[in-house]
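Residue-level structural notes
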Amino acid sequence: MKYYHVDVFSKKKFSGNGLTIFEINEEFDKKSMHILTQEMKQFESIFYYKINPNTFRAYIFTVEEELDFAGHPIIGLSAMLHDLYSPEKERNSWTIELNEKPVVVETTKKTNYYSARMNQGIPEFKTVLRKEQENEFLSYLNLSMEDKFEEFPFQVVSTGLPYLIVPVKASALGKSKIIIPDLEVKLNEIGAKFIFVLDVAGKQGRTWDNQGWVEDVATGSSAGPVGAYLVENKIAEINSEIIIEQGHFLGRPSQIKVMVTGENEQMDHVFVEGDVCKIAQGEVFI
């Protein structure tokens, strides 16, 4: 079975967020997908097969579970599809069928890498935390109310996966870490899947698996909600490019481009864009 290794959200190799991409057939079982993801030890892996020349079915796994949506696997897969199926074209478009919805991604061939732009749809603004809840979630992150950035809300925002956005001062980002064993339970209670700690002034952030064991280098599924949050709170302008930094604390600096489009301050789409470098390809013997 063929597989590919790419770095996502970086135009330079051995930076950004690593991803393994597996080419499968329709009968390939999810238990084996999970085992292969655990074997590769990437934050996520994606498995795909062709439906028609520009439409593909895909499944996304972390080492813990299957996800219905994630950003960097979709962007990485789309760039790889361009390299495999239309390397002679400068631009192409791909539809990735996921468990709950299709995602359209536009790709562009560059000199030594690809760029992929994904439409994450209309953002959903959900639970806003009360003051006592803000205190609680800051304590879960080794922080206090002194670390909060001004009066911006702690809010759950989704463009496919619901993230709790926690706005903090720049000085708080480095000491942020998950220090409780049941964060996933706490997030479920407010309708969130993951947490994203955002240095509002620097537009830089951090996120982890809910055990706090693995920090993500660059997270496309959080970039859409973060971009929408910044626009909603007048920190960034609608219809303008927003650069979100991530991965600096892991020595793999990454840049995620976000644009929230709309008219009269009404958001209609969130686009997330990233660069992708192909690192390796090989075969797995099953």
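Treat the numbers as computed from the prediction; the structure is a model and nothing was measured. (Residues numbered from 1 in each chain as written. Predicted model: local features only at pLDDT ≥ 70, side-chain atom pairs only at ≥ 80, totals over all residues. Heavy atoms only, no water.)

Notes on empty space enclosed by the protein
Counting across every chain of the model gives 2 cavities of 30 Å³ or more. Taken as a whole, the largest cavity spans an internal volume of roughly 70 Å³. Within the lining of the largest cavity, the residues separate by chemical class into 5 nonpolar, 4 polar and 2 charged. Considering only enclosed or pocket space, the second largest cavity measures out at about 40 Å³ in volume. The wall of the second largest cavity is formed by Val6, Gly76, Ala79, Met80, Asp83, Tyr114, Val276, Cys277 and Lys278. Elements with a contribution of two residues or more to the lining of the second largest cavity: helix 2 (71-85) and strand 16 (266-283). In terms of residues, the lining of the second largest cavity owes the most to one element, helix 2, which gives 4 residues. Classifying every residue of the lining of the second largest cavity by side-chain character gives 6 nonpolar, 1 polar and 2 charged. (1 Å grid on protein atoms, 1.4 Å probe; cavity = no way out; pocket = protein on both sides within 12 Å on 5 of 7 lines; lining within 4 Å. Points joined across faces, edges and corners; volume = space filled by probe spheres on them. Nonpolar A, V, L, I, M, F, W, Y, C, P; charged D, E, K, R; others polar. Helix = DSSP H or I, 4+ residues; strand = E, 2+ residues; numbered from the N terminus.)

A look at the side chain of serine 45
Counting through the fold element by element, serine 45 comes out in strand 3 (residues 45-52). Here threonine 20 takes part through its side chain, which lies 2.5 Å from a polar atom of the side chain of serine 45. Apart from residues lying up to four places away in sequence, serine 45 is in contact with Leu19, Thr20, Phe22, Thr37, Tyr59, Ile60 and Phe61. (Polar contact = N/O pair within 3.5 Å; in protein donor to acceptor, adjacent residues only side chain to side chain. Contact = heavy atoms within 4.5 Å.)

A look at the packing of aromatic side chains
A full pass over the atoms with the stated rule returns 9 aromatic pairs. Judged by centre distance (5.0 Å) and plane angle (70°), the ring pair of phenylalanine 137 and tyrosine 140 falls under edge-to-face. With a gap of 3 residues between them, phenylalanine 137 and tyrosine 140 both fall in helix 3 (residues 131-140), about one helical turn apart. Considered together, phenylalanine 137 and tyrosine 140 belong to a single accessibility category, that of buried residues. By way of ring pairs, the aromatic residues Tyr3, Phe22, Phe47 and Phe61 are connected into one cluster. The positively charged end of arginine 117 is found above the aromatic ring belonging to phenylalanine 271, 4.0 Å away from the centroid. (Phe/Tyr/Trp six-rings, centres within 6.5 Å; stacked < 30°, edge-to-face > 60°. Buried < 20%, exposed > 50% of the residue type's maximum accessible area, 1.4 Å probe, protein only. Lys NZ or Arg CZ within 6 Å of the ring centre and 35° of its normal.)

Re the pairing of strand 14 (residues 241-246)
Two faces, one strand: in a regular strand the side chains alternate between the faces of the sheet. Of the strand pairs in this sheet, strand 13 (residues 204-206) and strand 14 are connected by 2 bridges, and their pairing is parallel. Note on strand 14: the bridge partner recorded for glycine 205 is glutamine 246. Taken together, strand 13, helix 6 (residues 220-232) and strand 14 constitute a β-α-β crossover, and its handedness is right-handed. Pairing analysis gives 6 bridges linking strand 14 to strand 15 (residues 254-263), with the strands arranged antiparallel. Bridged to isoleucine 244 within strand 15 is isoleucine 256. (Pairing = 2+ DSSP bridges. Right-handed = clockwise from strand over helix to strand, strands pointing away.)

With respect to the nonpolar core
The biggest cluster of nonpolar side chains holds 57 residues, and the ones touching the most others in it are Ile21, Ile74, Ile96, Val258 and Val272. Discounting chain neighbours no more than four positions away, the residues touching valine 272 are Phe9, Ile75, Ala116, Arg117, Met118, Gln120, Gly220, Ala223, Gly224, Ile256, Lys257 and Val258. In this structure, Phe154, Leu173, Ile180 and Ile195 belong to the second largest nonpolar core, which totals 22 residues. (Core = buried A, V, L, I, M, F, W, Y, C linked by side-chain atoms within 4.5 Å.)

Looking at unusual backbone geometry
Positioned with a positive phi, lysine 234 is a non-glycine residue whose angle comes to about 65°. Along the chain, the position of lysine 234 falls in the loop between helix 6 and strand 14. With relative accessibility at 63%, the residue lysine 234 sits in the exposed group.

Comments concerning the environment of proline 87
Position of proline 87 among the secondary structure elements: in the loop between helix 2 and strand 6 (91-97). Owing to a relative accessible area of 33%, proline 87 belongs among the partly exposed residues under this scheme. Once residues lying within four places of it in the same chain are set aside, the contact partners of proline 87 are His82, Lys109 and Tyr114.

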